[in-house]
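Here is how the chains run, residue by residue.
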Amino acid sequence: MDDFANKVQAAASLADALFVCWRYIADEKCLTQVFERSRGRCYSREISFPLIVQLVHDALTEHSGSGNQSFQHAAEQGTLTASTRAVYGKLGRMPVEVTVDLFSTMADRVLDLFPQKNGKSLPACFTSFKVRTVDGKTIKGIAKRLKPLRNSQEGLIGGKALVATDYQTGTAVGLAVDTDGDANDVRLLPCLLEDVRKRTQGQQLWVGDRQYCDLIQLGRFSENGDNYVVRYNAKNSFFRDENETIREGRDVNGRAYIDECGWLGADSNEHQRYVRRITLELDDGAELSIVTELFGVRKYPAADLLYLYGARWEIERVFQKVTEVFSLKTLIGGTPQAGLFQFAICLLLYNQLQLLRSYIAGHQDRETEMVSIEKLFK
C-alpha cells in the first residue's frame, strides 16, 4: 500500500505543477491585455477571453478534447453563465491576431521558467546561435456543422499554421497562421520571422526543408545577421565556384559527402546568392543536399551541418505529439479560426510538458528525451 500511496503522491504533485504553471502563464490580467491589444472589432461581454481560454484548456486536459463536456461542466459549476451555443460562436469568430498574440505571449512566459542548464546539446560550432526549425501544419478534421456537408466523406481543412521550434528546449517559439488551409507555408514565413526576431535577442540559425530554398526566402533567413541550413531545391540552378576546392568526407553515420561552394541563381538574377552546398549520399543511392552561408570547413564542419539538418524531423514529432496527446484530432469549433485557436493552446500545453520534462530529467540526471510526454501527461 505504501508503494501505491507514493505513486499517487508523485502523480498528484506533477498534476499540481502543471496547473500551477498554467495559472502563471495564463494569468487573467495578462490574457485580458492580449485580447485588448489584438481584438480589433471583436468584443467581450458575458464570455470573457480568459474564460474561453480556460474552457478550451479544460477540454484538452480534463475532457479528452470534448468542448461540449467542458462547457457543460463549467455551466454546472457556475463559471459559465452563457449558453453553450454562445461559446461555440465566440470561439468560431476568434480573430487570428488574438491567437498569435496569445501564443507569443504565453510561449515567452513558459521559456522564462526553464532551468538555465537545460536542453539538448548542440555541436560546439552552433553554440552562438539560437537554432530554430520551421515547418507548416494544416489543421484537418474540422467539424461538419453545415447540413449539406454532414454526409460528405471528405475531410474539411481548418486553417494553416507555420511553426518555429527551439532546438535546445524542444518548445514551439513562433506561430503564424492563415484561415486558408491551402495556403503555402512560404506566404506565412515573413510574419513568423518578424515575430520571433522581435521577441529574441542574438543570432538565429533557421533550419528548413526544400520548400524554403528559393532566393527570396534565403534572403529573409539571412537578415539581421541570422543564417540558415536549408535543403537544396533543384529548381534553383547551382553554379559551382571553380576556384574553390571540392572537399570530401563522411558524416557521423559513415556516409560519404562532398562539400562545395558556388552560386544559387544565374548572374542575371538580382537575388543570386553565394552559398555552400553539401551533398550527402544516402543508403538507398539517392542524394540529399543542404545549402548554407556558414562558410569555413574548420569552423563549421560539414558533418555537423548535416547532423543539424537531420534533427529537423523533431518538429514533425512535435506535431505528432500535439495531435495525439492533446486530442487535436477532435476539433472543438467548426471554423478555421476555432481550429487555429485550439492548435495554439495545444502547442502551449506541449511547451508546459517540455518544461516539466526538463525539471524531471534534471532531477533524475538523465536526458530529457528519456521522459515520456504521453506518460507524463496521463
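The notes below deal with the structure included here. Predicted, not measured: the structure shown is a model, and the values here were computed from it.

### Regarding the overall build of the protein chain
Item 1. Along the backbone of the protein chain there are 12 helices and 10 strands.
Item 2. The C-alpha atoms of the protein chain give 23 Å as radius of gyration, which agrees with the globular expectation for 378 residues (21 Å, within 12%).
Item 3. Taking the principal axes of the C-alpha coordinates as reference, the protein chain spans close to 75 × 55 × 40 Å.
Item 4. Across the 378 residues of the protein chain, 52% fall into the buried class.
Item 5. In the protein chain, of all internal contacts separated by at least 6 residues, the share reaching a separation of at least 24 is 62%.
Item 6. Entry remark: accessible area of the protein chain is about 18,900 Å², with carbon and sulfur atoms responsible for 46%.
Item 7. Averaging the positions of the 47 positive and the 49 negative side-chain charges in the protein chain gives two centres separated by 5 Å.

### Overview of the pattern of salt bridges
Item 1. In total, this model carries 20 salt bridges according to the counting rule given.
Item 2. A salt bridge links Asp209 to Arg312; the shortest N-O distance between them is 3.9 Å. Taken as a pair, Asp209 in the loop between strand E4 (204-208) and helix H8 (215-221) and Arg312 in the loop between helix H9 (302-310) and helix H10 (314-325) lie far apart in primary sequence, 103 residues in all.
Item 3. Under the relative-accessibility criterion, Arg312 is labelled buried at 12%.
Item 4. Across the pair Arg317 and Glu314 runs a salt bridge, and its minimum N-O distance is 3.7 Å. Residue Arg317 and its partner Glu314 are both found in helix H10; the two are separated by three residues, about one turn of the helix.
Item 5. Among the residues examined, Glu314 registers a relative accessible area of 21% and is labelled partly exposed.

### Digging into helix H7 (residues 185-199)
Item 1. Here H7 spans 21 Å end to end across 15 residues, near enough to the 21 Å set by a 1.5 Å rise per residue.
Item 2. Taken as a whole, H7 carries its principal kink of about 25 degrees at Cys191.
Item 3. Turning to H7, its buried residues number three or more, namely Asp185, Val186, Leu188, Leu189, Leu192, Leu193, Asp195, Val196 and Arg197.
Item 4. Backbone nitrogen of Val186 and a side-chain oxygen of the N-cap are separated by 2.8 Å at the start of H7; the cap is Asn184.

### Structural notes on the nonpolar core
Item 1. Among the nonpolar cores identified, the biggest contains 68 residues, and Phe49 and Phe343 are the most heavily contacted of them.
Item 2. Residue contributions to this core peak at 16 residues, all from helix H11 (residues 336-364).
Item 3. Once you skip the residues sitting within four places of it in the chain, Phe49 turns out to touch Leu31, Val34, Phe35, Ser44, Met94, Val98, Leu102 and Phe341.
Item 4. Membership of the second largest hydrophobic core comes to 24 residues, among which are Ala164, Val186, Val196 and Tyr212.

### Side note on the layout of surface pockets
Item 1. Computed from the structure, the largest pocket encloses a volume of approximately 520 Å³.
Item 2. If you trace the largest pocket, you find 21 residues lining it, with Leu111, Lys130, Arg132, Asp166 and Thr169 closest to the centre.
Item 3. Listed by contribution, the elements that provide at least two residues to the lining of the largest pocket are helix H6 (96-111), strand E1 (130-140) and H7.
Item 4. Per element, the largest residue contribution to the lining of the largest pocket is three residues, and it comes from E1.
Item 5. For the lining of the largest pocket, the class distribution of residues is seven nonpolar, eight polar and six charged.

### As for the environment of Asp166
Item 1. You can see Asp166 is positioned in strand E2 (residues 157-166).
Item 2. Sequence-wise, Asp166 and Met106 are 60 residues apart; in three dimensions their C-alpha atoms are separated by 15 Å.
Item 3. Look past the residues within four positions of Asp166 in its chain and what remains in contact with it is Val131, Arg132, Thr171 and Val173.

### Focus: the side chain of Ser38
Item 1. Examined against the element boundaries, Ser38 turns out to sit in helix H2 (residues 28-38).
Item 2. A polar contact of 2.5 Å, which involves the side chain of Ser38, links it to the side chain of Asp101.

### Here's the deal with the packing of aromatic side chains
The relation between two aromatic rings is expressed through the spacing of the ring centres and the mutual angle of the planes.
Item 1. If you walk through the whole model with that rule in mind, you get 10 aromatic pairs.
Item 2. With centroids separated by 6.2 Å and ring planes inclined at 65 degrees, the aromatic side chains of Phe49 and Phe341 adopt a geometry described as edge-to-face. Within this pair, whereas Phe49 is found in helix H3 (residues 49-62), its partner Phe341 is found in helix H11, the two being separated by 292 residues in sequence. Each of the two residues, Phe49 as well as Phe341, counts as buried.
Item 3. For the ring pair Phe221 and Tyr228, a centre distance of 6.4 Å and an interplane angle of 35 degrees mean the geometry is tilted. This pair shows no difference in class: Phe221 is buried, exactly as Tyr228 is.
Item 4. Taking the ring centre of Tyr232 as reference, the NZ or CZ of Arg277 above it sits at 5.0 Å.

Each value, and the rule that gives it
Positions within a chain are numbered from 1, following the residues in the order the chain's sequence is written. Whole-chain, interface and lining totals are the exception, using all residues; otherwise, since this is a predicted model, local features are given only for residues with pLDDT of at least 70 and side-chain atom pairs are given and counted only at 80 or more. Only heavy atoms go into the side-chain values, all of them from the structure, while hydrogens and water stay out. Note on conventions: DSSP H or I runs of at least 4 residues are helices, E runs of at least 2 residues are strands, and numbering of each starts at the N terminus. For the radius of gyration, the atom set is restricted to C-alpha positions; the globular benchmark scales as 2.2 Å times the number of residues to the power 0.38. Each residue is placed in one exposure class: buried if its accessible area under a 1.4 Å probe, protein chains only, is under 20% of its type's maximum, exposed if it is over 50%, and partly exposed if it falls in between. Residues count as neighbours in contact if any of their non-hydrogen atoms are within 4.5 Å of one another. Here, Shrake-Rupley sampling with a 1.4 Å probe gives the accessible areas, and only protein chains in the shown set may cover a residue. Here Asp and Glu are counted as negative and Lys and Arg as positive; His is not counted, and neither are the chain ends. Charge coordinates come from a single atom per side chain, which is NZ of Lys, CZ of Arg, CG of Asp or CD of Glu. Here, a salt bridge means any side-chain nitrogen of Lys or Arg that lies within 4 Å of a carboxyl oxygen of Asp or Glu. What a helix should span is 1.5 Å times the count of its residues minus one. What is called the bend at a residue is the angle between a pair of axes, fitted to the seven residues leading up to and ending at it and to the seven starting from it. Residues adjacent in sequence count toward polar contacts only when both atoms are side-chain atoms; beyond that, a polar contact is any pair of N or O atoms within 3.5 Å, and within protein one must be able to donate a hydrogen and the other to accept it. Among the buried residues, those of types Ala, Val, Leu, Ile, Met, Phe, Trp, Tyr and Cys that are joined through side-chain atoms within 4.5 Å form a nonpolar core. Definitions used throughout: a 1 Å grid over protein atoms alone; a cavity as a set of points that fits a 1.4 Å probe which cannot get out; a pocket as an open set with protein on both sides within 12 Å along at least five of seven lines; a lining residue as one with an atom within 4 Å of a point. Grid points are joined across faces, edges and corners, and a volume is the space filled by probe spheres set on the points. For this scheme, ten residues count as nonpolar: Ala, Val, Leu, Ile, Met, Phe, Trp, Tyr, Cys and Pro. Four count as charged, namely Asp, Glu, Lys and Arg, and the remainder, Gly too, count as polar. Only Phe, Tyr and Trp rings take part, Trp by its six-membered ring, and two of them pair if their centres are within 6.5 Å. Stacked means planes under 30 degrees apart, edge-to-face means over 60, and tilted covers everything else. Think of it as a cone above the ring: NZ of Lys or CZ of Arg counts as a charge over the ring if it is within 6 Å of the ring centre and within 35 degrees of the ring normal.

Functional significance is not addressed by these values, which are geometric in nature.
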